[in-house]
Amino acid sequence: MLTPQQLDRAVGAVTASAAGDALGAPYEFHASVLPPTPITLHAAPPWELGEWTDDTSMAVPILQALARHKPLDDARTLAAIVGEWIGWARDAKDVGLQTRAVLAGIRHVTEDDARTSALAVHRKSGKSAGNGSLMRTGPVALGFLGRSEGGETDALAAAARRVSELTHHETDAGDACVIWSLAIRSAILTGALELRAAVSALPVDRAALWNARLDAAEAALPWELHANNGWVVGALQCAWSAIVHASSLRETLELAVRSGNDTDTVAAIAGSLAGAVYGAAAVPAEWVEVLHGWPADEFRAFGAAELAELVHRAVSDR
Ligand SMILES: [Mg+2]
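Since this is a predicted model, take the numbers as computed values, not measurements.

Asker: Before we move on, could you go through the overall build of the protein chain and cite the residues and values that matter?
Answerer: Regarding its fold elements, the protein chain presents 14 helices and 0 strands. For the protein chain, the α and β elements follow one another from N to C terminus as α-α-α-α-α-α-α-α-α-α-α-α-α-α. Scaling as 2.2 N^0.38, a compact globule of 318 residues should have a C-alpha radius of gyration of about 20 Å, and the protein chain matches this with 17 Å. Judged by the C-alpha coordinates and their principal axes, the protein chain covers about 50 × 50 × 45 Å. Across the 318 residues of the protein chain, 59% fall into the buried class. Across the protein chain, the fraction of contacts at a sequence separation of at least 24, relative to all contacts at a separation of at least 6, is 72%. Put simply, the protein chain shows about 12500 Å² of open surface, and 55% of that area lies on carbon and sulfur atoms. Within the protein chain, one finds 25 positive and 38 negative side-chain charges whose respective centroids are separated by 6 Å.

Asker: I'd like to hear about the environment of D262, residue by residue, with values.
Answerer: With respect to the helices and strands, D262 occurs in the loop between α11 (249-258) and α12 (263-278). Each C-alpha atom of the pair D262 and G234 lies 10.0 Å from the other, and the pair is 28 residues apart in sequence. When neighbours within four sequence positions are excluded, D262 is seen to be in contact with E28, N131, N229 and G230.

Asker: Any details on unusual backbone geometry? Residues and values, ideally.
Answerer: The omega torsion across P35 and P36 is 10°, close enough to zero to call that bond cis. Looking at the element boundaries, P36 is found in the loop between α1 (4-24) and α2 (54-67). Note the cis peptide between W294 and P295, where omega equals 10°. Structurally, P295 can be placed in the loop between α13 (285-290) and α14 (304-315).

Asker: So what about the coordination of the magnesium ion? Which residues, and what values?
Answerer: Reference values for angles at a metal are 109.5 degrees in the four-donor tetrahedral case and 90 or 180 degrees in the six-donor octahedral case. Around the magnesium ion, the donor atoms from the protein are T53 (OG1), D54 (OD), D55 (OD) and D264 (OD), and they sit 2.0 to 2.3 Å away. Considered as a linear motif, the donors of the magnesium ion on their single chain read T-D-D-x208-D. Of the two residues, T53 is situated in the loop between α1 and α2 and D264 in helix α12; the sequence distance between them amounts to 211 residues. The buried category is assigned to T53, whose relative accessible area is 2%. Residue D264 is classed as buried on the basis of its relative accessible area of 0%.

Asker: Requested: an account of the packing of helix α7 (residues 171-190) against helix α10 (residues 232-245), with residues and values cited.
Answerer: Contact pair α7 / α10: the axes reach a minimum separation of 9 Å and the direction vectors enclose 25°. In terms of orientation, α7 and α10 fall into the roughly parallel class. In this structure, α7 uses D172, A173, A176, I179 and W180 to contact α10, whose residues at the interface are V232, V233, L236, A239, W240 and I243. For the contact of α7 with α10, the per-class residue count stands at 10 nonpolar, no polar and 1 charged.

Asker: For helix α5 (residues 111-125), give the residues involved together with the corresponding values.
Answerer: An ideal rise of 1.5 Å per residue puts 21 Å on 15 residues; α5 measures up with 22 Å between its terminal C-alpha atoms. Every buried residue belonging to α5 is among E111, D113, A114, S117, A118, V121 and H122, and all of these are buried. Where α5 ends, the next residue or the one after it, G126, has phi of about 80°, a positive value.

Asker: How would you sum up the packing of aromatic side chains? Please name residues and give values.
Answerer: With the rule as written, the count across this model stands at 2 aromatic pairs. An angle of 85° between the planes, with centres 6.2 Å apart, marks the rings of W52 and F302 as edge-to-face. One end of the pair, W52, is in the loop between α1 and α2; the other, F302, is in the loop between α13 and α14, and 250 residues separate them in sequence. Neither W52 nor F302 differs from the other in exposure class; each is buried. With a centroid separation of 6.4 Å and an interplanar angle of 80°, the aromatic rings of W180 and W240 are classed as edge-to-face. With W180 in helix α7 and W240 in helix α10, this pair connects stretches of sequence that are 60 residues apart. Relative accessible area serves as the criterion here: at 0%, W180 is assigned to the buried category. For W240, a relative accessible area of 5% corresponds to the buried category.

Asker: Outline α12, listing residues and values.
Answerer: Of all the bends in α12, the largest measures some 30° and sits at S272. With 14 of 16 residues buried, α12 is to be regarded as a mostly interior element. Directly beyond the C-terminal end of α12, a positive phi value near 90° is found at G279.

Asker: Provide a residue-level description of the packing of α1 against α7, including the pertinent values.
Answerer: Interaxial distance between α1 and α7 falls to 7 Å at its minimum, and their mutual angle equals 150°. Our classification of the angle between α1 and α7 gives roughly antiparallel. Across the interface between the two elements, Q6, R9, A10 and A13 from α1 touch I184, A187, I188, L189 and T190 from α7.

How each quantity is defined
- Residues numbered from 1 in each chain as written.
- Predicted model: local features only at pLDDT ≥ 70, side-chain atom pairs only at ≥ 80, totals over all residues.
- Heavy atoms only, no water.
- Helix = DSSP H or I, 4+ residues; strand = E, 2+ residues; numbered from the N terminus.
- Rg over C-alpha atoms; globule rule 2.2 N^0.38 Å.
- Buried < 20%, exposed > 50% of the residue type's maximum accessible area, 1.4 Å probe, protein only.
- Contact = heavy atoms within 4.5 Å.
- Areas by Shrake-Rupley, 256 points an atom, 1.4 Å probe, with all protein chains shown as cover.
- Lys, Arg positive; Asp, Glu negative; His and termini not counted.
- Charge placed at Lys NZ, Arg CZ, Asp CG, Glu CD.
- Donors = N, O, S within 2.8 Å, 3.2 Å for Na, K, Ca; no water.
- Axes fitted to C-alpha atoms, helices over the stretch in contact; angles between N-to-C directions.
- Parallel < 35°, antiparallel > 145°, perpendicular 65-115°, else oblique.
- Nonpolar A, V, L, I, M, F, W, Y, C, P; charged D, E, K, R; others polar.
- Expected span 1.5 Å × (residues − 1).
- Phe/Tyr/Trp six-rings, centres within 6.5 Å; stacked < 30°, edge-to-face > 60°.
- Bend = angle between axes of the 7 residues up to and from the residue.

Below you can see the structure in the form of structure tokens.
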């Protein structure tokens, strides 16, 4: 049973990520935006005011599975999530290049087929560490909020990597999802920001590599980091820089968007961890009001209230 504060932080991990996604959408593929130019939530075709993009849309099926109390360490659950992604991608406004290639290569909707397709895409290009699995990892931690510390963190680390590998074969993508998901879990439970502790869950050589990457991110502002934030490492560094240089949730998301290029994804990633620290109550009300996206359609609203309802169901009785 979570406390009201823990529950608010659990909702925040999802809602703040969606808010960052919608805030960054109009700025995607543009140059950095430096202060004092304001960052504003606004429409920019094809995106409506407050509409989230693929980042949140791909997180929703993971959240829906958890809301039905399906375990993420189960091939049937993962197959169902992949099936939802394939259905979403059919008429989505945008799908990341790597994710589109992997989903198109799946013949039977199974975890094994998804992993095989992800490996084939990796082999074809020699790399597969796009930011598309980190951007959707926010809800994964919600399935592992039990108190038995050791077992739950090991299980979360394994599940985060497994969900990542449905589309992203490369180790960097899986590592990024592991450390971000562990940090989200501890932030929800304790309110503390403990990414370095999460990094120590990786093998020693990988942990050293990631600690050096975090050092570099902390030493620079998001727009001073390399523009290659379509790469999972660049995206995580920009998101981490935004988090450590901000003193509020709003400022975190604005700093993340200032990085330029893959702005919606960097802000969605930053929002998943920052939201778990600051809580859903810290998401500006004027953003919450207009937040929406797939699976919304002309007959059905799907916004912040629907996301919060799914989180409540996901964490109940855990
Ligand atoms: Mg996007």
